[in-house]
Amino acid sequence: RGELAVPIKLRDVLLGILDVHSDRAGVLSAEDQLLLEGLCGQTAVSMESTRLLEELRASQAVLSEAMRIAHLGPWEYDVDKEHFIFNDSFYSLLHTTAEREGGYTMSGAQFMQRFVYPDDAPMVGAEMDKVFTSTEQHFSHAFDHRILYADGGVGYICLLYTSDAADEE
């Protein structure tokens, strides 16, 4: 009988062993061993990728729960297209959903009209101008204002704008 045992290793960590048997002696060659070693290398990378993906998903779940508890919702603003990019967490803070608002993108004007308390609109516009006209390489700016919830209520929100010129290059 023939047998080839090839370790499944990633760096110096043994993840397993691929053990191939044949009912005939001498049928497994050096070429078979090279093929199995290549297969084991790919298997190790795949196992590590799966482990890292599971770890990432678990971290994302923990982060999402922490953000929900803290009433935080990330968002982005596309300066070139002049629109916000929201996610479910942010919409939840506004007591609405992407489906009700027509998707995950919204122009700055739409956001102002839909969610900014009318008396605060001039101040929000001025604060946003500060953000968009800043020439600082690392810029961070926060301000509070009232919002109109989608269900008709009024609340407060603290917006934090950050930019890093190095990220834009």
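Residues numbered from 1 in each chain as written. Predicted model: local features only at pLDDT ≥ 70, side-chain atom pairs only at ≥ 80, totals over all residues. Heavy atoms only, no water.

(A) The arrangement of the nonpolar core in detail. Within the largest apolar cluster, 21 residues are counted, with the highest numbers of intra-cluster contacts made by Trp 75, Phe 86, Phe 90, Leu 94, Phe 111 and Tyr 161. Excluding its chain neighbours within four sequence positions, the residues that come into contact with Phe 90 are Gly 73, Pro 74, Trp 75, Phe 111 and Ile 157. (Core = buried A, V, L, I, M, F, W, Y, C linked by side-chain atoms within 4.5 Å. Buried < 20%, exposed > 50% of the residue type's maximum accessible area, 1.4 Å probe, protein only. Contact = heavy atoms within 4.5 Å.)

(B) Main features of helix 5 (residues 121-133). Taking 1.5 Å as the rise per residue, helix 5 with 13 residues should run 18 Å; its terminal C-alpha atoms sit 18 Å apart, in good agreement. Here helix 5 has its buried residues at Val 124, Glu 127, Met 128 and Val 131. Here the buried residues of helix 5 occupy an arc of 100 degrees about the axis, which is enough to place them on one side. Those residues of helix 5 that are exposed and angled more than 90 degrees off the buried face are Pro 122 and Thr 133. (Helix = DSSP H or I, 4+ residues; strand = E, 2+ residues; numbered from the N terminus. Expected span 1.5 Å × (residues − 1). Arc of directions from axis to C-beta.)

(C) Main features of helix 4 (residues 108-115). Among all positions in helix 4, only Gly 108, Phe 111 and Phe 115 are buried. All buried residues of helix 4 project into a common sector of 70 degrees when viewed along the axis, lining one side. Opposite the packed face of helix 4, turned more than 90 degrees from it, sit the exposed residues Ala 109 and Gln 113. Of the surrounding secondary structure, the elements contacted by the buried residues of helix 4 are strand 4 (83-85), helix 2 (88-93), helix 3 (98-101), strand 5 (105-107) and strand 6 (138-148).

(D) Structural view of the sheet that holds strand 3 (residues 76-78). Here we have three strands laid out as an open sheet, ordered 3-4-5, and antiparallel in their pairing. Strand pairing shows two members of the sheet lacking a second neighbour, strand 3 and strand 5, which therefore form its edges. This sheet shows a mean twist of 30 degrees between the axes of neighbouring strands, independent of strand direction. One ladder, built from three bridges, connects strand 3 with strand 4; its direction is antiparallel. Paired with Asp 78 across the bridge in strand 4 is His 83. Lying over the sheet, helix 4 contacts strand 4 and strand 5, oriented at roughly 85 degrees with respect to strand 5. (Pairing = 2+ DSSP bridges. Axes fitted to C-alpha atoms, helices over the stretch in contact; angles between N-to-C directions.)

Geometric descriptors of this kind do not, in isolation, establish any biological role.
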